[in-house]
Amino acid sequence: MGGKDLRALAERFAQICGPHRVLTDRDRLATYRSDGLLHFQVMPGVAVLPETTAEVAAVVAACHDAGVPWVARGSGTGLSGGAVPVEDGVLIVLSRMRRILDVDTANLRVVVEPGVTNVQVSQAIGPGYYYPPDPSSQIVCSIGGNVAENSGGAHCFKYGFTTNYVMGLELVLPDGEVVTVGGKECDLPGYDLVGAFVGSEGTLGIATKIVLRLIPAPEHRETLVAYFNDMEHAGHAVSDVVASGILPGAIEMMDNLAIRATEEATHAGYPLDAGAALIIEVDGPVSECKATFDEVVEICKRNGCTGVRVAEDEHQRQLIWKARKAAFAAMGRISPNYYVQDSVIPRTGLAEVLNRIEQLSREHRLRVANVFHAGDGNLHPLVLYDHSVEGEAERAEKLAGEIVLACVHAGGSITGEHGVGLDKKAYMADMFAEEDLDCFQKLRCSFDPEQLVNPGKVMPTPRLCGEVPGPYRQHPLERAGVAERF
Ligand SMILES: Cc1cc2nc3c(=O)[nH]c(=O)nc-3n(C[C@H](O)[C@H](O)[C@H](O)COP(=O)(O)OP(=O)(O)OC[C@H]3O[C@@H](n4cnc5c(N)ncnc54)[C@H](O)[C@@H]3O)c2cc1C
């Protein structure tokens, strides 16, 4: 799109939202060039910051009429490049839509605008209620971004991911139409469009209102951190805890490199010579908690733990968690740059995949720190490199890619919670068959036939709606008369 047309669109946005909420100046736009994954950077043509659903709808309709691509952005903490703008396109920033619309604890529901941060939900509902999905970025990331990425966190092992807590959505569709899917009630009839939207990574429209489910807060929590000489013993302890039938609220693991980085940043008291640290939290009724907690300590001891530290009060509990939640940011203490990886493996494959990561780290001569949601088998290897050393960034990217493939080959997935975005789209074909990708594309096209919404993300190769790569061949569903090409 030419500069003149984009200027006309910016003027239209200024009429809708007011000129002070439309950014065209390159210095101010630079803030929005990337998300948390800094190596993808694109300058948007225009950024606009609507404050109401009506403003979002009018902005999206104007883009639709002008045929201009756009990208939604929450807080920009994503780690897969999902909110990276399109050059000469529009960035719709939702961080000013931050009202909590309804706290209905009697019905265990809360209704929020998309720019509300994850932690603000917990603050709004008070101590008797619980909203479990808790990404480590929870003090900044938005609920809109959580919905788009189907975000997880330490407590999702027991309680489930964002998708298990979204009951209803008000959506602005790619042509500007406003619709509501789902609601406060459970199990509404019809297709599960809420389920389709959650995790769609900003490719189907914009969530402007979100109904979340709450649960009563657990009566009691017990938290410990156990130290081991190596990851293998810690991994066996995780398997034994789960095999014993105990379902902890969270089981998180860090290796020695991660411990050293987080300790330098947080001074939480983890021993620097520990080969692995396992944070285990059990929650529920007091009597059950106490019984299972003793069993967890016993299992850690049986697996050779070298020490156990139990949180005696909420302050000590927060200190244990502080180290884990600061793990990504703490990498800056031990490396100029790092590349966050996010993939999933079956929990039983933990030892095998960790060994493979160590081998790859040696081959590529780069250090890899490991921090992960051990209960879910959701790994976050952090590949450490120095951008100023020629070739290291490329080596880091290659190593990270080989880790993804190792996880897929072990029966896992290319992403656990950070999404595909730009970062992982090249690996989609390693995980899904061509027929699966066609099916995803059909769903996307039914929302966005013009493909103006977050183009170039998630799908491995950009295609037009209905276009299949290579010579035309009938899809098995077409052959069966179940679906038709459009
Ligand atoms: C230090 C750190 C720790 C992290 N820890 C975790 C973790 O433990 N678990 C986890 O899951 N993630 C984690 N993340 C990743 C990130 O915080 C999450 O993916 C989060 O949900 C992104 O929210 P956001 O508001 O920043 O979204 P953005 O980065 O702004 O956008 C993410 C995607 O959502 C889309 N989007 C945003 N708002 C909307 C909307 N209203 N409607 C439709 N689409 C929208 C965007 O187009 C984009 O595709 C971490 C990130 C950092 C930097």
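Here's what I pulled together on the structure shown here. (Residues numbered from 1 in each chain as written. Predicted model: local features only at pLDDT ≥ 70, side-chain atom pairs only at ≥ 80, totals over all residues. Heavy atoms only, no water.)

## Concerning the pattern of salt bridges
Note the following rule: What makes a salt bridge here is a side-chain nitrogen of Lys or Arg within 4 Å of a carboxyl oxygen of Asp or Glu, nothing more. Helix and strand definitions follow DSSP, with helices as H or I runs of at least four residues and strands as E runs of at least two, each counted in order from the N terminus.
Within the structure shown, the criterion is met by 16 salt bridges. A salt bridge links R21 to E55; the nearest nitrogen and oxygen atoms lie 2.8 Å apart. Separated by 34 residues along the polypeptide, R21 in the loop between α1 (3-17) and β1 (22-23) and E55 in helix α3 (residues 53-66) bring together distant segments of the chain. The salt bridge partner of E358 is R362, with a shortest N-O separation of 3.6 Å. Here E358 pairs with R362, and both are found in helix α13 (residues 350-364), just four residues apart, close to one helical turn. Counted as one network, the salt bridges with shared partners bring together R21, E51, E55 and R96.

## A word on the nonpolar core
Heads up, the condition is: The term nonpolar core refers to a set of buried residues drawn from Ala, Val, Leu, Ile, Met, Phe, Trp, Tyr and Cys, joined through side-chain atoms within 4.5 Å. Partly exposed residues are those whose accessible area sits between 20% and 50% of the maximum for their type, while under 20% is buried and over 50% is exposed, using a 1.4 Å probe and protein chains only. A domain assignment, automatic or from a database, supplies the domain bounds used here.
F228, M253 and V383 are the most contacted members of the largest nonpolar core, which has 44 residues in total. Of the residues that make up this core, three or more belong to each of domain 3 (220-328) and domain 4 (335-423). Judged by nonpolar contacts, the second largest core, of 28 residues, contains A274, W321, A369 and L382.

## Overview of the packing of aromatic side chains
What counts is decided by this rule: Stacked, edge-to-face and tilted labels apply to pairs of Phe, Tyr and Trp rings (six-membered ring for Trp) whose centres lie within 6.5 Å, assigned for plane angles under 30 degrees, over 60, and everything in between, in that order.
Within the structure shown, the criterion is met by four aromatic pairs. Ring geometry for Y130 versus Y159: centroids 5.3 Å apart, planes at 85°, classification edge-to-face. Of the two residues, Y130 is situated in strand β7 (residues 129-130) and Y159 in helix α6 (residues 156-159); the sequence distance between them amounts to 29 residues. Y159 shares its class with Y130; the two are buried. When the centroid spacing of 6.0 Å and the interplanar angle of 70° are considered together, the rings of Y227 and Y270 count as edge-to-face.

## Topic: the sheet that holds strand β4 (residues 90-93)
This is how it is decided: Paired strands, as defined in this entry, are two strands with at least two bridges between them according to DSSP. Between two residues, a contact is recorded if the distance between any of their heavy atoms is within 4.5 Å. Between N-to-C directions, angles span 0 to 180 degrees; the directions come from axes that are lines fitted to C-alpha atoms, helices contributing only their stretch in contact.
Ordered in space as β1-β2-β4-β3, the four strands form an open sheet in which the pairing is mixed. Both edges of this open sheet fall to β1 and β3 (70-73), since each of them pairs with a single strand only. Relative to β4, α3 is tilted by about 170°, and along the sheet it contacts β2 (46-48), β3 and β4.

## What about the sheet that holds strand β9 (residues 178-182)?
In space, the five strands of this open sheet follow the order β5-β6-β10-β8-β9, with antiparallel pairing throughout. Sheet topology places β5 (100-104) and β9 at the edges, where each strand pairs with a single neighbour. Between one strand axis and the next, the sheet turns through 10° on average, direction left out of account. Running over the sheet, α3 touches β8 (166-172), β9 and β10 (206-213) and is turned about 50° from β8. Sheet strands touched by helix α4 (residues 118-125): β5, β6 (109-112) and β10. Its angle to β5, the strand with the most contacts, is close to 45°.

## Observations concerning the pairing of β10
Buried residues dominate β10, accounting for six of its eight residues. As judged from the four bridges shared by β6 and β10, these two strands associate in the antiparallel manner. By the bridge assignment, V112 is partnered in β10 with I210. Summarising the sheet, β8 and β10 pair through six bridges and their orientation is antiparallel. Across the sheet, E170 pairs through a bridge with K209, a residue of β10.

## Here's the deal with unusual backbone geometry
Trans is the common state for peptide bonds, and a negative phi is the common state for residues other than glycine. A positive phi angle, close to 55°, is found at D187, a residue other than glycine. Within the secondary structure, D187 is located in the loop between β9 and α7 (193-197). Not every positive phi belongs to a glycine, and Q451 is a case in point at roughly 55°. Position of Q451 relative to the elements: it lies in the loop between α16 (434-447) and α17 (476-479).

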